[in-house]
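# Coordinate inspection notes
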Amino acid sequence: MKNQPALSWLVPLIAVLALVAAVAGLFWQDGGGSYDFTTLYGETVQIYGQGVYEHDTIFSAGASQGGDLVALFIALPLLAISFVFYRRGSLRGGFLMTSVLAYYLYYGASLGLVVAYNNLYLVYLALFSASFFAFLLAFTAFDLPSLPTRFSARLPLRGMATFMFVVGIGVAFIWLSDVINALTTNRVPEALGANISLITYTLDVGIIAPACLLAGSLALRRTPLGLLLTGILTILLALVGAMVIGQTVMQLNLGMQFSTGQLIGKVGTWIIMGGIAVWFSIAFLRNLSNTAKTAK
């Protein structure tokens, strides 16, 4: 993995921006409290009314704070550790760093595109931009032709490819079921809240799901790009699984109520996928080496 000089300042910048955004989201709690709001679609939703998420619904505020939890307590330490190892020439460090940058890109996009405008918008904008370019630089720094020789024969590549297919189809099904139900009942999706567009759904179904299907297809053919995409997406999904747990905890803490079907069908599914992603992430990194080995 070649050195990208721009990452020497982009990664620390991302760490600082993420720290500011996450700390403000979790600990800035001044405001008048929650209140009802009628959306453009005539739906009544409850606005959080506190801190930087004061103009977001309680559902959205809890989801954002769940992302803040992972960004601050999991992704930030992983970014710091992986960046140090990347600077030392570690391929494992490079994979982990690139995956965490992918999480911060997703996190920054969520803050900049989903969260109602607040005084931290420029922080969100800078975080999204810095993460986007840092991810591109890191992603293109891998030496693709030599990548297959860096893995041991014990890498569970077929299992990881299958997991990519399951996640890609599962993510599309979970989110599109809401949209299809809304269309058939002539209502707006429940997750829309006070927003005018389902940006999170667009990101997940439009980018994450197809990327997983592409990664699975390429991994089955054992292509270098398939190895790269599968490794990065697996670690990213592990972080997203942790984020869903954090989101659910924060939403319940704010008074949100979920049906058993919602907890099992959506939250539970993501938690299971996240747990499997953690297992595959560990296996992926364990079977990766800086020295060439015979690929399976």
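What you see is a predicted model, and the numbers here were worked out from it, not measured in a lab.

### Focus on the overall build of the protein chain
A count of helices and strands for the protein chain gives eight helices and two strands. Moving toward the C terminus, one meets the helices and strands of the protein chain in the order α-β-β-α-α-α-α-α-α-α. Seen through its principal axes, the protein chain has C-alpha atoms that stretch 60 × 40 × 25 Å. Just so you have it, the protein chain exposes about 13,700 Å², and 67% of that area is on carbon and sulfur atoms. The average position of the 14 basic charges and that of the 10 acidic charges among the side chains of the protein chain differ by 30 Å.

### Here we look at the pattern of salt bridges
In total, this model carries one salt bridge according to the counting rule given. R187 is the partner of E43 in a salt bridge, and the nearest nitrogen-oxygen pair spans 3.4 Å. Of this pair, E43 sits in the loop between β1 (35–38) and β2 (44–47) while R187 is found in the loop between α5 (157–185) and α6 (199–220), placing the two residues 144 residues apart along the sequence. On the accessibility criterion, E43 (25% relative accessible area) is partly exposed.

### Overview of the confidence of the model for the protein chain
In this model, the protein chain carries an average pLDDT of 92, and 98% of its residues clear a pLDDT of 70 or more. Mean pLDDT values for the elements of the protein chain range from 87 in helix α8 (residues 260–286) up to 98 in helix α4 (residues 121–139).

### Describing the pairing of β1
Note: β1 against β2, four bridges, orientation antiparallel. Within the sheet, the bridge partner assigned to T38 lies in β2 and is T44.

### Side note on the nonpolar core
Membership of the largest hydrophobic core comes to 89 residues, with the highest contact counts inside it found for F95, M97, Y103, Y104, Y107 and W270. Mapped onto this core, the elements with two or more residues apiece are α1 (7–27), α2 (58–87), α3 (91–113), α4, α5, α6, α7 (224–253) and α8. Beyond its immediate sequence surroundings of up to four residues, Y107 is in contact with A18, A21, A22, G67, D68, A71 and L127.

### Overview of the environment of N195
Its location among the elements puts N195 in the loop between α5 and α6. In this structure N195 comes out as partly exposed when scored by relative accessible area, which is 25%. Spatially, the C-alpha atoms of N195 and T269 are 25 Å apart, while their sequence positions differ by 74 residues. The residues touching N195, leaving out its near neighbours within four places in the chain, are Y41 and V114.

### Looking at a nonpolar patch on the surface
Nonpolar side chains collect at one region of the surface, where L19, V23, F27, F73 and I74 lie side by side and expose about 450 Å² of accessible area between them. For the nonpolar patch, the secondary structure elements donating two or more residues are α1 and α2. Top contributing element to the nonpolar patch by residue count: α1, with three residues. Looking at the element boundaries, I74 is found in helix α2.

### Some words on unusual backbone geometry
With a phi close to 60°, N186 is a non-glycine residue in the positive phi region. The class for N186 is exposed, based on a relative accessible area of 71%.

### Here we look at the packing of α5 against α6
Each pair of packed helices can be described by the angle between their axes along with the distance between the axes. The interhelical angle for the contact between α5 and α6, taken along N-to-C directions, is 155°, at an axis separation of 8 Å. Judged on the interaxial angle alone, α6 and α5 are roughly antiparallel. For the pair α5 and α6, the crossing hand works out as left-handed. Here the residues of the contact of α5 with α6 are counted per class, giving 19 nonpolar, three polar and three charged.

The rules behind each value
- Residues numbered from 1 in each chain as written.
- Predicted model: local features only at pLDDT ≥ 70, side-chain atom pairs only at ≥ 80, totals over all residues.
- Heavy atoms only, no water.
- Helix = DSSP H or I, 4+ residues; strand = E, 2+ residues; numbered from the N terminus.
- Areas by Shrake-Rupley, 256 points an atom, 1.4 Å probe, with all protein chains shown as cover.
- Lys, Arg positive; Asp, Glu negative; His and termini not counted.
- Charge placed at Lys NZ, Arg CZ, Asp CG, Glu CD.
- Salt bridge = Lys/Arg side-chain N within 4 Å of Asp/Glu carboxyl O.
- Buried < 20%, exposed > 50% of the residue type's maximum accessible area, 1.4 Å probe, protein only.
- pLDDT = per-residue confidence, 0-100.
- Pairing = 2+ DSSP bridges.
- Core = buried A, V, L, I, M, F, W, Y, C linked by side-chain atoms within 4.5 Å.
- Contact = heavy atoms within 4.5 Å.
- Patch = residues over 30% accessible without salt bridge, like charges linked within 9 Å, V, L, I, M, F, W, Y side chains within 5 Å.
- Axes fitted to C-alpha atoms, helices over the stretch in contact; angles between N-to-C directions.
- Parallel < 35°, antiparallel > 145°, perpendicular 65-115°, else oblique.
- Left-handed = near helix turned anticlockwise from the far one by under 90°.
- Nonpolar A, V, L, I, M, F, W, Y, C, P; charged D, E, K, R; others polar.

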